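# Inside the fold
What follows is the residue order along each chain.
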Amino acid sequence: GLLLTSIAVGCLVMLVRGYALRLQDRIIRLEMQTRLVRLGLDANLPRLSLRQIIALRFASDAELRALIDRAIAENLDPDQIKRAVTSWQGDHLRT
């Protein structure tokens, strides 16, 4: 009984954490959509994956256009996008 309870609690913790991470990803996507609309770059949004959009949040407005074009043209993965950012904007509110 104790073993089954431990397994159930462990599964519940992982499930709740997964929900929180997906919610944060959706919020980042919404923030980036708003930012791209403000910058006039929203036409590129459907051509980017969610992971690429999340990685692009670290780029400054000045370098965002070039980085989006490069991410689409070269199909950069999120780690490559983060390494390509020169003017880093930290996301200090994400938990």
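Everything here concerns the structure above.
Residues numbered from 1 in each chain as written. Predicted model: local features only at pLDDT ≥ 70, side-chain atom pairs only at ≥ 80, totals over all residues. Heavy atoms only, no water.

### A word on the overall build of the protein
When its secondary structure is counted, the protein shows four helices and zero strands. Along the protein, helices and strands appear, N-terminal first, in the series α-α-α-α. Against the globule reference of 12 Å for 95 residues, the protein gives a C-alpha radius of gyration of 17 Å, more extended than a compact globule. Taken along its principal axes, the extent of the C-alpha atoms in the protein is 55 × 25 × 25 Å. Residues counted as buried form 31% of the 95 residues belonging to the protein. Long-range contacts, defined here as pairs at least 24 residues apart, represent 64% of the contacts in the protein between residues at least 6 apart. Accessible surface computed for the protein: about 6,500 Å², of which carbon and sulfur atoms make up 61%. Taken as two groups, the 14 positive and 10 negative side-chain charges of the protein have centres that lie 5 Å from each other. (Helix = DSSP H or I, 4+ residues; strand = E, 2+ residues; numbered from the N terminus. Rg over C-alpha atoms; globule rule 2.2 N^0.38 Å. Buried < 20%, exposed > 50% of the residue type's maximum accessible area, 1.4 Å probe, protein only. Contact = heavy atoms within 4.5 Å. Areas by Shrake-Rupley, 256 points an atom, 1.4 Å probe, with all protein chains shown as cover. Lys, Arg positive; Asp, Glu negative; His and termini not counted. Charge placed at Lys NZ, Arg CZ, Asp CG, Glu CD.)

### Focus: the pattern of salt bridges
Per the stated rule, a full pass over the model turns up five salt bridges. Among the salt bridges present, the one from R35 reaches D61, with a minimum N-O distance of 2.8 Å. One end of the pair, R35, is in helix α1 (residues 2-39); the other, D61, is in helix α3 (residues 61-74), with 26 residues separating them in the sequence. The class for D61 is partly exposed, based on a relative accessible area of 31%. Here the residues in one salt-bridge network are R35, R38 and D61, joined through shared partners. (Salt bridge = Lys/Arg side-chain N within 4 Å of Asp/Glu carboxyl O.)

### Let's talk about the packing of aromatic side chains
As enumerated under the stated definition, the model contains one aromatic pair in all. Considering the side-chain rings of F58 and W88, the 4.5 Å spacing of their centres and the 10° angle between planes classify their relative orientation as stacked. Of this pair, F58 sits in the loop between α2 (50-56) and α3 while W88 sits in the segment after α4 (78-84), placing them 30 residues apart in sequence. Under the relative-accessibility criterion, F58 is labelled buried at 8%. (Phe/Tyr/Trp six-rings, centres within 6.5 Å; stacked < 30°, edge-to-face > 60°.)

### Examining the nonpolar core
Core analysis: the largest hydrophobic core is formed by 20 residues, its most contacted members being L48, L56, L64, L67, I68 and I81. Every element with two or more residues in this core is listed here: α1, α2, α3 and α4. Sort the elements by how many residues they give to this core and α3 lands first, with five residues. Leaving out residues up to four positions away in the same chain, I81 has contacts with Q52, A55, L56, L67, A71 and L76. (Core = buried A, V, L, I, M, F, W, Y, C linked by side-chain atoms within 4.5 Å.)

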